[in-house]
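In case you want the letters, here they are:
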Amino acid sequence: MRRRGIPCSRETYSQVMRSFAISEFDHKIFDVWEMMKDDDMEPTAEIFSRLISACAERRDAERAARLFDEMLDRELRPTPEVFGALLAVCRATGAFDKAMDLFKRIDAAGMTSEELYVRMFYAAQEAGSWEDAVQVYKTFLDEELEETTEA
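Residues numbered from 1 in each chain as written. Predicted model: local features only at pLDDT ≥ 70, side-chain atom pairs only at ≥ 80, totals over all residues. Heavy atoms only, no water.

Draft legend 1. Looking closely at the overall build of the protein chain. In terms of helices and strands, the protein chain carries eight helices and zero strands. When the helices and strands of the protein chain are listed from N to C terminus, the series reads α-α-α-α-α-α-α-α. Within the protein chain, buried positions represent 36% of all 151 residues. Relative to all contacts within the protein chain whose residues are 6 or more apart in sequence, the contacts with residues 24 or more apart total 57%. (Helix = DSSP H or I, 4+ residues; strand = E, 2+ residues; numbered from the N terminus. Buried < 20%, exposed > 50% of the residue type's maximum accessible area, 1.4 Å probe, protein only. Contact = heavy atoms within 4.5 Å.)

In structure tokens form, the structure reads like this:
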């Protein structure tokens, strides 16, 4: 995004992406990503989360998978927001089986959050998979009980 010699920080790129993500120009987020790469700026997990979320809006599971692979190749640790964005892609594309596999990986890694449970529950509901919705709910209750017991 370097124009007229003005260097941009990672934070600037992130904020520009955020602004595009909530606007009618959401497709521009990928242009900013290319500019960021052209400027040799190292991305963060937050930036990958924004990009993958944009893939959900565009129902582009292939691009989301490539971005996630790139994130892992850069040895960045996926955050709950990244997993939430990936679940949103699965939900948007109707790939509930992949969402359930991803949810199990997230749960096994101990990286769940209330937001992820809610997203996963809705994904199961939209897919008409009530057995899985019940399983997600039971897993959430078990986690809540463990936290309450530990405190």
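On we go from here.
Draft legend 2. Inspection of helix H2 (residues 29-38) at higher detail. Residues of H2 that are buried: Ile29, Phe30, Val32, Trp33 and Met36. Buried positions in H2, seen along its axis, are confined to an arc of 155° and lie on one side of it. (Arc of directions from axis to C-beta.)

Draft legend 3. Representation of the pattern of salt bridges within the structure. A full pass over the atoms with the stated rule returns five salt bridges. Residue Lys37 pairs with Glu34 through a salt bridge whose shortest N-O separation is 3.4 Å. Residue Lys37 and its partner Glu34 are located together in helix H2, separated by three residues, close to a single helical turn. Because the salt bridges share partners, they merge into one network encompassing Glu42, Glu70 and Arg74. (Salt bridge = Lys/Arg side-chain N within 4 Å of Asp/Glu carboxyl O.)

Draft legend 4. Structural context of the state of the cysteines. Enumeration according to the criterion identifies zero disulfides in this entry. Cys90 provides the cysteine sulfur closest to Cys55, a residue in no disulfide bond, and the two sulfurs are 12 Å apart. (Disulfide = S-S within 2.5 Å.)

Draft legend 5. The arrangement of the nonpolar core in detail. The biggest cluster of nonpolar side chains holds 43 residues, and the ones touching the most others in it are Met17, Trp33, Leu51, Ile52, Leu67, Phe83 and Met120. The set of elements that each furnish at least two residues to this core consists of helix H1 (10-21), H2, helix H3 (45-58), helix H4 (61-73), helix H5 (80-93), helix H6 (96-108), helix H7 (114-127) and helix H8 (130-150). Broken down by element, this core gets its largest block of residues, eight residues, from H3. (Core = buried A, V, L, I, M, F, W, Y, C linked by side-chain atoms within 4.5 Å.)

Draft legend 6. Quick look at the environment of Leu86. Of note, Leu86 is situated in helix H5. The class of Leu86 is buried, set by a relative accessible area of 9%. Residues Leu86 and Ala65, spaced 21 residues apart in sequence, show a C-alpha to C-alpha distance of 8.3 Å. With residues near it in sequence (within four places) discarded, Leu86 still touches Ile52, Ala64, Phe68 and Leu102.

Draft legend 7. Just the side chain of Ser49, in detail. Summarising the element assignment, Ser49 is placed in helix H3. What makes Ser49 buried here is its relative accessible area of 10%. For Ser49, the contacting residues outside a window of four places in its chain are Glu81, Val82 and Ala85.

Draft legend 8. Representation of the packing of aromatic side chains within the structure. Considering all chains together, one arrives at three aromatic pairs under this definition. Between Trp33 and Phe48, the ring centres sit 5.4 Å apart and the planes meet at 65°, which makes this aromatic pair edge-to-face. Highlighted residues: Trp33 in helix H2 and Phe48 in helix H3, separated in sequence by 15 residues. Relative accessible area serves as the criterion here: at 4%, Trp33 is assigned to the buried category. (Phe/Tyr/Trp six-rings, centres within 6.5 Å; stacked < 30°, edge-to-face > 60°.)

Draft legend 9. How the structure looks around the environment of Ser23. Within the secondary structure, Ser23 is located in the loop between H1 and H2. With 110 residues separating them in the primary sequence, Ser23 and Ala133 have C-alpha atoms 32 Å apart. At a separation of 3.0 Å, a polar atom in the side chain of Ser23 contacts the main-chain carbonyl oxygen of Phe20. (Polar contact = N/O pair within 3.5 Å; in protein donor to acceptor, adjacent residues only side chain to side chain.)

Keep in mind these values describe shape, not function.
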